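Breakdown of the fold
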Amino acid sequence: GWHSLLRFPVSRLLRMSMMAIGAAVCQVAAFDGTTALFLVSGGLLFLLGMEALEPLSQEIDQPDRMSSLPHERGALLLRHTAAPILALLPFAALAVATVAVLKGSGAAALAAVLVLPTIWAGAAGAAVSIVKDAPDITSSAVEQTMMPPEMSGMTTIVRMLLPLVVSAIGSAGVLAVRAAH
């Protein structure tokens, strides 16, 4: 994972920095009363997670290599999240610094408490998106289900929205803090 992350071009790192700053600005706005911006924050953190989880994506793109390793599939995929989770820490610090610039040191202390669960929930939504349709070529149970178009369409919508919902739940923490404040 680290080999993949260390090859990121500067343009990608700048893009990821802008996503972290944008998510922090949206969190501040949601705290100040523009509630719907926590959804935008969740979307930005989802995209940040998609960028950071490149090593996991590379493993999913090569299912034959994954099946040849003497490890259980789920455990192997989970291992590919360790480096990206640590790689998100500088972006979390950047988000806290953005809050400090916008709102002062008191809000920055609060942001420091919220930032890791928030940014990691965004990455969790990205991981769900990456892994949910990953082929398991070692699976012997390949089934075809016949569903009416009304049901298959609804299933597709739910499968597409689930990762974004996971990311938005992470961003909703700021609303709980606002209610308590």
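Note that the coordinates shown come from a computational prediction; the quantities given were computed from them, not determined experimentally.

1. Quick look at the packing of helix α2 (residues 10-32) against helix α3 (residues 37-52)
The N-to-C vectors of α2 and α3 enclose an angle of 160°; their axes lie 8 Å apart at closest approach. Here α2 is positioned roughly antiparallel relative to α3, judged by the angle of their axes. Helix-helix and strand crossings are classified by hand; for α2 and α3 the assignment is left-handed. Listed contacts from α3 to R12, R15, M16, M19, A20, G22, A23, C26, Q27, A29 and A30 of α2 are L37, F38, V40, S41, L44, L45, L47, L48, E51 and A52. The class makeup of the residues in the contact of α2 with α3 is 15 nonpolar, 3 polar and 3 charged.

2. Regarding the pattern of salt bridges
Throughout the structure, instances matching the rule amount to 4 salt bridges. A salt bridge links E54 to R12; the shortest N-O distance between them is 3.7 Å. Of this pair, E54 sits in helix α4 (residues 54-60) while R12 sits in helix α2, and the two are 42 residues apart along the sequence. Judged by its relative accessible area of 18%, R12 falls in the buried class. With a closest N to O distance of 2.9 Å, D32 and K103 form a salt bridge.

3. Side note on the nonpolar core
The biggest cluster of nonpolar side chains holds 24 residues, and the ones touching the most others in it are M16, L48, L88, F91 and I119. Looking at this core, the elements with two or more residues in it are α2, α3, α7 (82-87), α8 (89-103) and α9 (105-131). The biggest single contributor to this core is α2, with 6 residues. Once you skip the residues sitting within four places of it in the chain, L88 turns out to touch L48, A52, I119, W120 and A123. Grouped together as the second largest cluster of nonpolar side chains are 8 residues, L53, I60, L77 and I130 included.

4. Here's the deal with α9
Because an α-helix packs 3.6 residues into every turn, residues spaced three or four apart end up facing the same way. For α9, which comprises 27 residues, the first-to-last C-alpha distance of 38 Å matches the rise-based estimate of 39 Å (1.5 Å per residue) to within 8%. Bending of α9 peaks at approximately 40° at the position of L114, with proline P117 no more than four residues after it. For α9, the complete set of buried residues consists of A108, A111, V115, T118, I119, A121, G122, A123, G125, A126, A127 and I130.

5. Some thoughts on the confidence of the model for the protein chain
Of the residues in the protein chain, 83% reach a pLDDT of 70 or more, and the chain-wide mean stands at 83. In this model, residues 140-144 is a region of pLDDT below 50 whose contacts with residues beyond four sequence positions or in other chains number 0 contacts.

Criteria and cut-off values
Residues numbered from 1 in each chain as written. Predicted model: local features only at pLDDT ≥ 70, side-chain atom pairs only at ≥ 80, totals over all residues. Heavy atoms only, no water. Axes fitted to C-alpha atoms, helices over the stretch in contact; angles between N-to-C directions. Helix = DSSP H or I, 4+ residues; strand = E, 2+ residues; numbered from the N terminus. Parallel < 35°, antiparallel > 145°, perpendicular 65-115°, else oblique. Left-handed = near helix turned anticlockwise from the far one by under 90°. Contact = heavy atoms within 4.5 Å. Nonpolar A, V, L, I, M, F, W, Y, C, P; charged D, E, K, R; others polar. Salt bridge = Lys/Arg side-chain N within 4 Å of Asp/Glu carboxyl O. Buried < 20%, exposed > 50% of the residue type's maximum accessible area, 1.4 Å probe, protein only. Core = buried A, V, L, I, M, F, W, Y, C linked by side-chain atoms within 4.5 Å. Expected span 1.5 Å × (residues − 1). Bend = angle between axes of the 7 residues up to and from the residue. pLDDT = per-residue confidence, 0-100.

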